[in-house]
Amino acid sequence: MSGTAPQSDDGLRLRIRKAVDEQYVIILAVLVILLVGGLWASYTAHISPGTETETAVDSQWSRASTFSHSAMVTGQNPVYDTGQRLRNQRAYFPLISPLLTGEYQFQYTASGDGSVDVDVTVLSIVQSRGDGTVFWQQTSEIGGVTTADLEPGDPATTEFEFNLNQTRLQLERVEETLGETPGDPVVVVQAQTRMTGRINGQAVDREFTDELRFIPDGDSFVVNDPGEVTNTSRQVRSVTTTRKYSPMRTIGGPAMLVVSVGGLAGLMLMRRRNQIALSPAERDQLTHIEYAEWISAGSLSEDPNDSELNAVEMSSLVDLVNVAADAGERVVYDPDQERYAIFDGERMYFCTPPLQ
């Protein structure tokens, strides 16, 4: 027992061997699981990765439509200047700006080329509706446009106008004539658009309906503007490709396989050569290292039986240290005789490792 570092290195080596010996079956099971996992990961990543089906977009196109609206102030009032044009307001006041004008714009974009004919009809619909039911309505056409050979990015635009004050009076006459009707009155500017032609080499025949609503509120109309309305159409196809895996599997799988095979081979070879289990001498050496704080160096008589004390021989250093702990005494170690002893009253407990 010379020096601290060798004892520390020996102790670590002996502790590892002891732990491996005690957990041998568990370690084997873990290595087998790693082996199976490494085989599966390596096989799927490098030998038979399999395939996966993805959806690829061949082409696509989108349409977009917007409403804009305004009214010129013609009546005297304390808020707005006469002749001022109010644009895209949240509400309009028919008594001071009766004529509402607007514009509906339709256009489309495409991943390729396109040429379509666009026909737009704008209607003014005065109605009463509730819970999706229309109880009465009056419809009139207030605008429209037909555009031929419209290309992607080119707009089809139509203007419209109607008199808010006349519409307000119309609602009042209906109420006077029919009395209180179910539902709520609403004025709808409805744009009905049909586009026909070819986009991205595919035939197109679609219809769209967009609405700008004006909700009567006393002597004003509150605007419910949908903003920009869009629709997208895609032509897709299925593409089958070889499945790709992350580096964790492509590299980790073979690495896990090598580690598990090497570990199993090395572990079983060491077990076969008796290089794992500790010998009795090594167990006593490990005990000496672990219980060094209980052991003091000293000189003992050559023959314990010649002592006047009753000599009790212990079977191992571990047992001797247990007796020392119970008795509260230290263990005396004679390095020349490689003998350990404890003196407890009229008894001397000793052992002479290594034991065979």
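Our structure's up above, just so we're on the same page.
Every value quoted in this text rests on a predicted model; they were computed, and no experiment measured them.

Cut-offs and rules
- Residues numbered from 1 in each chain as written.
- Predicted model: local features only at pLDDT ≥ 70, side-chain atom pairs only at ≥ 80, totals over all residues.
- Heavy atoms only, no water.
- Helix = DSSP H or I, 4+ residues; strand = E, 2+ residues; numbered from the N terminus.
- Rg over C-alpha atoms; globule rule 2.2 N^0.38 Å.
- Buried < 20%, exposed > 50% of the residue type's maximum accessible area, 1.4 Å probe, protein only.
- Axes fitted to C-alpha atoms, helices over the stretch in contact; angles between N-to-C directions.
- Parallel < 35°, antiparallel > 145°, perpendicular 65-115°, else oblique.
- Left-handed = near helix turned anticlockwise from the far one by under 90°.
- Nonpolar A, V, L, I, M, F, W, Y, C, P; charged D, E, K, R; others polar.
- Contact = heavy atoms within 4.5 Å.
- Polar contact = N/O pair within 3.5 Å; in protein donor to acceptor, adjacent residues only side chain to side chain.
- Pairing = 2+ DSSP bridges.
- Core = buried A, V, L, I, M, F, W, Y, C linked by side-chain atoms within 4.5 Å.
- Expected span 1.5 Å × (residues − 1).
- Arc of directions from axis to C-beta.

Novice: Lay out the overall build of the chain in plain terms, naming residues and giving numbers.
Specialist: Scanning the chain from N- to C-terminus turns up 7 helices and 16 strands. Relative to its length of 356 residues, the chain is extended, with a C-alpha radius of gyration of 48 Å against a globular reference of 21 Å. The principal-axis extents of the C-alpha atoms in the chain amount to approximately 135 × 55 × 40 Å. By residue count, 33% of the 356 residues in the chain fall in the buried class.

Novice: Describe in detail the packing of helix α2 (residues 24–47) against helix α5 (residues 252–272), supporting the description with residues and values.
Specialist: Between α2 and α5, the least distance of the axes is 7 Å, while the angle of their chain directions is 150 degrees. The pairing of α2 with α5 is recorded here as roughly antiparallel in orientation. The two elements α2 and α5 meet at a crossing, and its hand is left-handed. Of the residues assigned to the contact of α2 with α5, the class counts are 16 nonpolar, 7 polar and 1 charged.

Novice: An account of the packing of helix α6 (residues 280–290) against helix α7 (residues 317–327) is requested, with residue identities and associated values reported.
Specialist: Put simply, α6 and α7 touch, their axes get as near as 9 Å, and they point 30 degrees apart. In terms of orientation, α6 and α7 fall into the roughly parallel class. Residue-level contacts link Asp284, Thr287 and His288 of α6 to Leu317, Val318 and Val321 of α7. Residue classes in the contact of α6 with α7 are distributed as 3 nonpolar, 2 polar and 1 charged.

Novice: Lay out the side chain of Gln127 in plain terms, naming residues and giving numbers.
Specialist: Mapped onto the elements of the fold, Gln127 is located in strand β5 (residues 114–130). At 2.6 Å, the side chain of Gln127 and the side chain of Arg129 are in polar contact. Sequence-distant contacts of Gln127, that is, excluding residues within four places in its chain, are made with Val134, Trp136, Gln137, Asp184, Pro185, Val186 and Val188.

Novice: An account of the sheet that holds strand β13 (residues 310–313) is needed here, citing residue identities and associated values.
Specialist: Strand order across the open sheet formed by 5 strands is β12-β14-β15-β16-β13, with mixed pairing between neighbours. The sheet terminates laterally at β12 (295–297) and β13, the two strands that pair on one side only. Geometrically, the sheet is characterised by an average inter-axis angle of 30 degrees between neighbouring strands, direction not taken into account. Where β12 and strand β14 (residues 331–334) come together, 3 bridges link them in parallel fashion. Paired with Ile295 across the two strands is Val331, which belongs to β14. The strands touched by α7 within the sheet are β14, β15 (339–344) and β16 (347–351), with β15 carrying the most contacts at an inclination of about 25 degrees.

Novice: Lay out the sheet that holds strand β3 (residues 91–92) with the relevant residues and their values.
Specialist: Taken in spatial order, the 6 strands make up an open sheet running β3-β10-β9-β8-β5-β6, and their pairing is antiparallel. In the strand order of this sheet, the two ends are held by β3 and β6 (133–150), each with one partner. With 14 bridges connecting them, β5 and β6 associate as antiparallel partners. Residue Val120 lies in a different strand from β6, and its bridge partner there is Val145.

Novice: For the nonpolar core, give the residues involved together with the corresponding values.
Specialist: Formed by 35 residues in total, the largest nonpolar core has its most connected members in Tyr92, Val118, Phe160, Phe162, Val189, Met195 and Phe214. Discounting residues that sit within four places of it in the chain, Tyr92 has contacts with His69, Ser70, Ala71, Leu86, Arg87, Leu100, Leu164, Phe214, Ser220, Phe221 and Val223. Within the second largest apolar cluster, 13 residues are counted, among which are Leu320, Val323, Ala324 and Tyr333.

Novice: I'd like to hear about α5, residue by residue, with values.
Specialist: In this model α5 runs 30 Å from its N-terminal to its C-terminal C-alpha over 21 residues, within 8% of the 30 Å that 1.5 Å per residue would give. Taken together, the buried positions of α5 are occupied by Gly253, Ser260, Leu264 and Leu267. Considered in projection along α5, the buried side chains sweep an arc of 75 degrees and stay on one side of the axis. Facing away from the buried side of α5 by more than 90 degrees, the exposed set consists of Val258 and Val259. Phi for Asn274, located one or two positions after α5, is positive at around 60 degrees.

Everything listed here is a matter of coordinates, which is why it stays silent on function.
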